[in-house]
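Breakdown of the fold
These are the residues of each chain, in order.
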Amino acid sequence: MNHVKTFEVEALRKDFPILARTVHGKPLVYLDNGASAQKPRCMIDAIRHVYEQEYANVHRAAHELSAACTDKFEAARRTVQRFLNAPEDREVIFVRGTTEAINLVAQTWGRANVKAGDEILITAMEHHSNIVPWQMLCEASGARLVVAPMDDTGTLMLPEFEKRLSPRTKLLACVHVSNALGTVNPIEWMAQKAHAVGALVMVDGAQAAPHQRIDVQKLGVDFYAFSGHKAFGPTGIGALWGRAELLEAMPPWQGGGEMIKSVKFEQTTYNVIPHKFEAGTPNIADTIGLGASLEYLMGIGLDAIEAYEHELLAYATAKLGEIPGLRIVGTSQNKAGVISFVLDGIHSADAGMILDEQGIAVRVGQHCAEPVMDFFKLHGTIRASFAFYNTMHEADALAAGIRKVQELFK
Ligand code: PLP
């Protein structure tokens, strides 16, 4: 716990220019990190430097600027490799984000490998982006989507999960950390069980990668996806990691430049991975920016970040737990820094607006997880989602803000 005590949150906050601003005349308390996280100066500088000093297209031209930009672009791929502890950098595919990564796997691996009668297993706590691509695949292939249930605390019911695995299961597609509830799923155990019936495992790491050390080899999964913008990086860039032999065997997705070796009108041959899956000019500057953000995170240390956020979650949960008329939705034993809650007699949208007037940014609504809201019979929740730059003082401000909301509705 020593590293938690020495976690220099005030110094780290200074790395994020936006955290110094006010909103409606109040200091910004940014608790909407689950939707998108704020950006460190080093990332902003990295992007500015590319555009001011090194910008050109990558992989193609023979000139100095293109060579410099290509080096940085490919260095970012190696950064993602280290960030995920992936065996090889060619296993890292740059995509727009988690949504695109999941769609890529569904449309390439899925279309090549999933047939009528097969099953795709997901959980009851998925984000829409880990439901709809599989529904689309099932519609096209005649396969069946199977859902492993959760209990009233928002914890996956492990015996029920096991019962839904069978030789028909071709893929387990599962969220690592639930964006709506904060539940952390036991991915390593789940992957072992899924592999035992011959299924592959794809993990939606959108809410996990920014908050804990990810080791795809230790997790023992086959595909892992995350979004740059939730990991303090730019929007419009993220990564899909997949085991090389799977990626090599998968058909390409989008066709165009870069993803080919040779094009003849009669026949085209495809490039090697990762380029086979990166058709067209990529998001060059943002990829380099993502590399800068991930280097920054690894510099702080993901273990220290996780431990600090754990303390912060425990503190904020206790503070909010003292408020009469507030009910936390998602009370799993194993949670990451998300607190979803409802207030008796107060619509979450009204609460969100009044909190905003106090400079407190939270998200309200269904959090792109309508089945989770249906399960808890709610229209929506108020969600505070934390990052390592949030403080205990901000958790106090949230609690005070909520009491003010309640006062106004008395
Ligand atoms: N999965 C989870 C758990 C999420 O929280 C999100 C975004 O909120 C996504 C997937 C989709 O991420 P993106 O919109 O960056 O593609």
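Residues numbered from 1 in each chain as written. Predicted model: local features only at pLDDT ≥ 70, side-chain atom pairs only at ≥ 80, totals over all residues. Heavy atoms only, no water.

An order of 4-10-9-8-7-5-6 is seen for the 7 strands of this open sheet, with the pairing classed as mixed. The open sheet terminates on both sides in strands that have one partner only, identified here as strand 4 (92-95) and strand 6 (144-148). Taking the axes of each pair of neighbouring strands and ignoring which way they run, one obtains an average angle of 20 degrees across the sheet. Sheet topology places strand 8 (residues 200-204) next to strand 9 (residues 223-227); 3 bridges connect them, and they run parallel. Bridging across to strand 9, D204 finds its partner in A225. (Pairing = 2+ DSSP bridges. Helix = DSSP H or I, 4+ residues; strand = E, 2+ residues; numbered from the N terminus. Axes fitted to C-alpha atoms, helices over the stretch in contact; angles between N-to-C directions.)

This next bit is on the site of the ligand. Close contacts around the ligand come from T98, T99, H127, S129, V175, N179, D204, A206, Q207, S227, H229 and K230, and that covers them all. Here D204 contributes a side-chain N or O atom positioned 2.5 Å from a nitrogen atom of the ligand. Residues that form the shell around the ligand fall into these classes: 2 nonpolar, 8 polar and 2 charged. (Near = heavy atom within 4 Å. Polar contact = N/O pair within 3.5 Å; in protein donor to acceptor, adjacent residues only side chain to side chain. Nonpolar A, V, L, I, M, F, W, Y, C, P; charged D, E, K, R; others polar.)

The next point concerns the nonpolar core. Core analysis: the largest hydrophobic core is formed by 107 residues, its most contacted members being V221, Y224 and F388. Per-element accounting of this core gives the leading share, 8 residues, to helix 12 (residues 302-321). Counting only domains with at least three residues in this core, you end up with domain 1 (2-30 + 301-408) and domain 2 (45-299). In contact with V221, not counting residues within four places along its chain, are I187, A191, V201, V203, V216, W241 and R243. (Core = buried A, V, L, I, M, F, W, Y, C linked by side-chain atoms within 4.5 Å. Buried < 20%, exposed > 50% of the residue type's maximum accessible area, 1.4 Å probe, protein only. Domains from an automatic or database assignment. Contact = heavy atoms within 4.5 Å.)

Below, the discussion takes up helix 13 (residues 348-357). Along an α-helix, residues three or four positions apart point the same way, because every turn accommodates 3.6 residues. Listed in full, the buried residues belonging to helix 13 are S348, A351, G352, I354 and L355. Downstream of helix 13 by one or two residues, G359 has phi in the positive range, about 85 degrees.

A few words now on the sheet that holds strand 16 (residues 363-365). In spatial order, the strands read 13-14-17-16; together these 4 strands make up an open sheet with antiparallel pairing. If you trace the sheet from one side to the other, it starts and ends with strand 13 (326-329) and strand 16, each paired once. The average angle at which neighbouring strand axes cross in this sheet is 30 degrees, direction not considered. Where strand 14 (residues 338-343) meets strand 17 (residues 381-385), 4 bridges bridge the pair, whose relative direction is antiparallel. Considered in strand 17, the bridge of S340 is made with R383. Packed on one face of the sheet, helix 15 (residues 392-408) meets strand 13, strand 14 and strand 17 and runs near 15 degrees to strand 14.

Here the focus is the pattern of salt bridges. Across all of its chains, the model carries 23 salt bridges by this definition. Its salt-bridge partner being E74, residue R77 comes within 2.8 Å of it at the nearest N-O pair. Taken together, the residues span about one helical turn, with R77 and E74 both in helix 4 (residues 64-84) at a distance of 3 residues. E74 carries the same exposure label as R77, and that label is buried. With its nearest N and O atoms 2.6 Å apart, the salt bridge here joins R90 to E88. Classification of E88 as partly exposed rests on a relative accessible area of 30%. Connected through salt bridges with shared partners, the residues E74, R77 and E278 form a single ionic network. (Salt bridge = Lys/Arg side-chain N within 4 Å of Asp/Glu carboxyl O.)

By the secondary structure assignment, Q358 is in the loop between helix 13 and strand 15 (360-361). Q358 sits 46 residues away from K404 along the chain, and the two C-alpha atoms are 9.4 Å apart. The contact partners of Q358, leaving out residues within four places of it in the chain, are K26, P27, G401, K404 and V405. Side-chain polar atoms of Q358 contact the backbone oxygen of G401, separated by 3.4 Å.

Read these as spatial facts, not as claims about activity.
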